[in-house]
Every structure is written in C-alpha cells, then in structure tokens.
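Structural characterization, general
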Amino acid sequence: MTDQNLMEKIVALCKRRGFIFPGSEIYGGMANSWDYGPLGVELKNNIKLAWWKRFVHLREDIVGLDAALIMNPKVWEASGHIANFQDPLVECKKCNGRFRADHIKEGVCPNCGEKGSFTGEQMFNLMFKTFIGPAEESANIAYFRPETAQAMFVDFKNVLDTSRKRLPFGIAQIGKAFRNEITPGNFIFRTREFEQMEIEYFIVPPKQDADWQGPFELWRKEILSWIKDDLGVDINKVHEHEIESTERAHYSKKTIDFEYEFPFGVSELYGLAYRTDFDLKNHEKSSGKDLKYRDPETNEECIPHVIEPTWGVDRSVLVILVDAYSEREGKVILKLKPKLAPYKAAVFPLLGNKPELTRLARKIYLDLKSDLMIAWDDRGNIGGRYASQDEIGTPFCITVDFQSLEDKKVTVRDRDSGKQERIGIDELKKYLKEKINGKN
Ligand code: GAP
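In this report, the structure presented in the accompanying data block is examined.

Each value, and the rule that gives it
Numbering of residues begins from 1 in every chain and follows the order in which that chain's sequence is written. Owing to the predicted nature of the model, reporting of local features is limited to residues with pLDDT of at least 70; listing and counting of side-chain atom pairs is limited to 80 or more, with chain, interface and lining totals taken over all residues. Side-chain descriptors were evaluated using all non-hydrogen atoms of the structure, hydrogens and water having been removed beforehand. Note on terminology: a nonpolar core comprises buried Ala, Val, Leu, Ile, Met, Phe, Trp, Tyr and Cys residues joined through side-chain atoms within 4.5 Å. Exposure classes here rest on a 1.4 Å probe applied to the protein chains alone. A residue is buried below 20% of its type maximum, exposed above 50%, and partly exposed in between. In this description a helix means any DSSP run of H or I spanning at least four residues, a strand means any run of E spanning at least two, and both kinds are numbered starting from the N terminus. Residue contacts are counted whenever heavy atoms from the two residues lie within 4.5 Å of one another. Pairing of aromatic side chains here covers Phe, Tyr and the six-membered ring of Trp, requires ring centres within 6.5 Å, and sorts the geometry by plane angle: under 30 degrees stacked, over 60 edge-to-face, intermediate tilted. Look at NZ for Lys and CZ for Arg. If either is within 6 Å of the ring centre and within 35 degrees of the ring normal, a charge sits over the ring. Here, axes are lines fitted to C-alpha atoms. For helices the fit covers the stretch in contact, and angles between N-to-C directions go from 0 to 180 degrees. In these notes the angle categories are as follows: under 35 degrees is roughly parallel, over 145 is roughly antiparallel, 65 to 115 is roughly perpendicular, and the rest is oblique. With the far helix as reference, a near helix turned anticlockwise by less than a right angle produces a left-handed crossing, and one turned clockwise produces a right-handed crossing. Amino acids are sorted into nonpolar (Ala, Val, Leu, Ile, Met, Phe, Trp, Tyr, Cys and Pro), charged (Asp, Glu, Lys and Arg) and polar (every other residue, Gly among them).

Let us now look at the nonpolar core. Residues Trp 226 and Trp 311 are the most contacted members of the largest nonpolar core, which totals 59 residues. In terms of residue count, helix 9 (residues 313-324) provides more of this core than any other element does, eight residues in total. Beyond its immediate chain neighbours, meaning those up to four positions away, Trp 226 contacts Ile 47, Ala 50, Trp 51, Arg 54, Phe 55, Met 197, Leu 231, Tyr 270 and Trp 311. Counting 27 residues, the second-largest nonpolar core is a separate cluster that includes Leu 126, Tyr 143, Leu 167 and Phe 169.

Here is the structure:
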C-alpha cells in the first residue's frame, strides 16, 4: 500500500462509516472543512475525555477553564499576535494560486506546475477577523482566537484567586481555534478551524536554566507517554524536533515539535514551548492590572514563567486513524485502543428472525448500553457483521446463540486476534470493563 493510497483509504473509510464528512457537502463542499459524523464525534470525545482525566482530574496541580472564543482585541495586541502571527505568502504569476512560501518545493507551483514564477514574499496575518455588532467599522474589529492559550493568561488572576493553587500549577483548556491558513490540506491535518488541548504550566521564575529545564523535561516525557499509553500510537514513528531560534514562535525560548511519520511526510503532531514570562508580563503592562503571584509564606511577588505543552485534537484523531489502520485478507481492521473506540462492543443475535434470540440479545444490549457505548446489529451473516465492526474499530463482538438460552453464556470475539471465548452473561460487563481499562 503506498502512502497516498493509505490516506485515500482512510478518507474513504471515514466518509463511508460516518467518522468524518466533507463540510457543507450538499453545496459542493467548502475547501478543507470537515464535519465529524456519529462515529467521529465519539472518537474525538473519547480523546478529549482521556486527556481531561489524565491532566486535570488525576492531578492536583492542574485546573480547567473554558473561555470565550472571541476575546477583547487588546488581548491579541498584548500577546504579539497582531504584529507577529503571520506566514510568508507568495502568488504564482501563471495561475494566481496563493501558497505559503515555506511549503513550496523546488520552486514548483503546487497548482499548475510552473517553475520559478512566484511573486516576492508578503507577510500574511493568520487571524480571522470579524466585527462585533451591526457596524462593520474598524472600531468594531475582533478576532477569533488563533490559540486557546491566551485565555489562561488573561484569566490567570481569577483562577489563582479562586483555586488558591500554589506554584507550580497549570491551567488546562480544550477548545476551538481558528487560523486563516494559506495552505490548509492533508485531510484534517491542517484546517482553518480546529481544536486544541493546551496547558499553561506556571513555574517560579527560574534563577538558573535548570529551574525551567526540569519542568520542560517532565512535560516532554508526559507528551511521549500520552502518545504511547493513551493513544496507543507506535512511538517509533514519533520524532522530536527542536526548533531553531529563527523559526520559533515570537514568545518562545525553546520549542520541541513532536512529529509523526504521517503518510504525507513527517509532520508536527504536538508542541512543547518555554514561553518564559512573555505573556503575563505583556498582559500586565497592557491591561494595567496586577497579574503577579504572591507567595503565601514569604509574601514575595513574581510574574510566573510558563511551560506550554500543546496538543491538536484533530491531529490526535488523524494519528490514531493512520496508526490503527490495518488490513487482514483484504478487509479493514481499525486497531483502536478499546478506551478510544467509538463502540466498546457490538451485540448480535445469531439469527435476526428468531424472537427468543433477539429477546435475550436485546436484554444484554440494553444492560451493557447503560454503561458503555454498544452497537447493535441483527442483519446479514455473522462474518459480515464482524467485518463491519472491525472496520470501525469495535474491539469486541458478542453473539447470542441457541446455546446461550440454555447455558446463559455468550460468545465474545476479539477484534485483533479473532479469538472467541464463552463468557457468562452475568460476567459480561465486568469482563468488558477490565479489557477496556487496560488489561488487554
Ligand atoms: N499555543 C501554542 C500553539 O498554538 P501551535 O504549534 O501553533 O502552538 C499547537 O499549535 C497545536 O495545534 C499543533 O501542534 C497542532 O497539533 C495543532 N494545530 C495547529 N495549527 C493547526 C491547524 N491549522 N489545523 C489543525 N491543527 C492545528
């Protein structure tokens, strides 16, 4: 299977099975916009839940936030986004296509193939503008946030005062961000509207480099562990790339990109940056409000420094799909981690036209469904039903047969090994929960 072939297969599978559809499709689509369908939204929610549980619920030093998407435009002046959040744009003189200069390979136009026929670079600000209220005038300009991060700085004092956290501590947020990308593409990899999961982790201002390098290293390990243990993605395909000082975002003193071997090339999955006190200092200056942390024991005041691990939700979905995609005898098996799979199990009566089987299977289905996402299927032959569930990553298929009426046991078939076991109906929920929660 070529890499391009793999991407095509994944995009087709996503459409066919209701993971991801082209946006606004009945109107001819909307370039590079995608809608998450019934299974896609489950997968995406499972990722976000796993992240929130790991980094907020299971930790004492991180609290959550859910802030407005459109903030006071002064936020983006103070953060440096109005002046610096821009990409170099070039235009092909032949076809007038516009591209990000650093995405052009060997001077060839990606649209018409013309070589060396571009205009000079122009800087293009990536923030989406809108107007607040009915008058479209410059006094009413506002921006859709290009990162969730700024709300954690703007709300820093409110969170500090209400949560009474002590340094070091973090604020976490999951939410949409918007960027008017010049060259979006590669399915959900680069879009103009996407979701981020971000943590701003506040530390005491370092007296020496080791004081920020320590927490930076801890977060580096956390990101790798999330990829391996929570997403179940092959860590050998993940590469760390330290960004050159000339290429770093305007706020960062050190950045590592975590890249994955996507079918279209090794590309950024997540990032980790040392943002120093850049943001809090600028917001304090710009707002005139005191954003200092006061140590409750010494009463000493400081502007904390920040380590920022950042995760794209859509790139998490994509990396999971790419990594989990496999084929067995020409049939697709999506080897999703059970915790992330849209359905944890599917329940089938062996035959769809036998009321006694359907009655028992429905009872089992409804009981399991009160706790777990469970699929139901009573159409076609069992082999076809297995194949249909394999394709969407359902880890377990449960078949109710005539023997089940006698021995109160069902057949549980494992997606990856194809092995079948007889399990007591009373044991089923416990059995599935143990498998889903990691003992697999
Ligand atoms: N607050 C820091 C920040 O926003 P970033 O590297 O620009 O850093 C963080 O973005 C993450 O957001 C990326 O690592 C990626 O996972 C995701 N991301 C960024 N731009 C994206 C886009 N256009 N489409 C989808 N995901 C994107």
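Counted by the stated rule, this structure contains 24 aromatic pairs. Judged by centre distance (5.9 Å) and plane angle (90°), the rings of Trp 212 and Phe 216 are edge-to-face. On the criterion of helical spacing, the pair formed by Trp 212 and Phe 216 is a turn pair, its members being four residues apart in helix 7 (residues 209-230). The same class applies to Trp 212 and to Phe 216, which are both buried. Through pairs of rings, three or more aromatic residues link up here, namely Trp 51, Trp 52, Phe 55, Tyr 201, Trp 219, Trp 226, Tyr 270 and Trp 311. A cation over a ring is seen here: Lys 44 above Tyr 36, with NZ or CZ 4.1 Å from the ring centre. Here the basic side chain of Arg 362 rests over the ring of Trp 376, its NZ or CZ set 4.8 Å away from the ring centre.

Close contact between helix 2 (residues 38-57) and helix 7 brings their axes to 12 Å; oriented N to C, the two are set at 140°. In terms of axis orientation, helix 2 runs oblique to helix 7. Both helix 2 and helix 7 take part in a crossing whose hand is right-handed. Here Ile 47, Ala 50, Trp 51, Arg 54 and Phe 55 of helix 2 lie close against helix 7, whose contacting residues are Trp 219, Glu 222, Ser 225, Trp 226 and Asp 230. Grouping the amino acids of the contact of helix 2 with helix 7 by side-chain chemistry returns six nonpolar, one polar and three charged.

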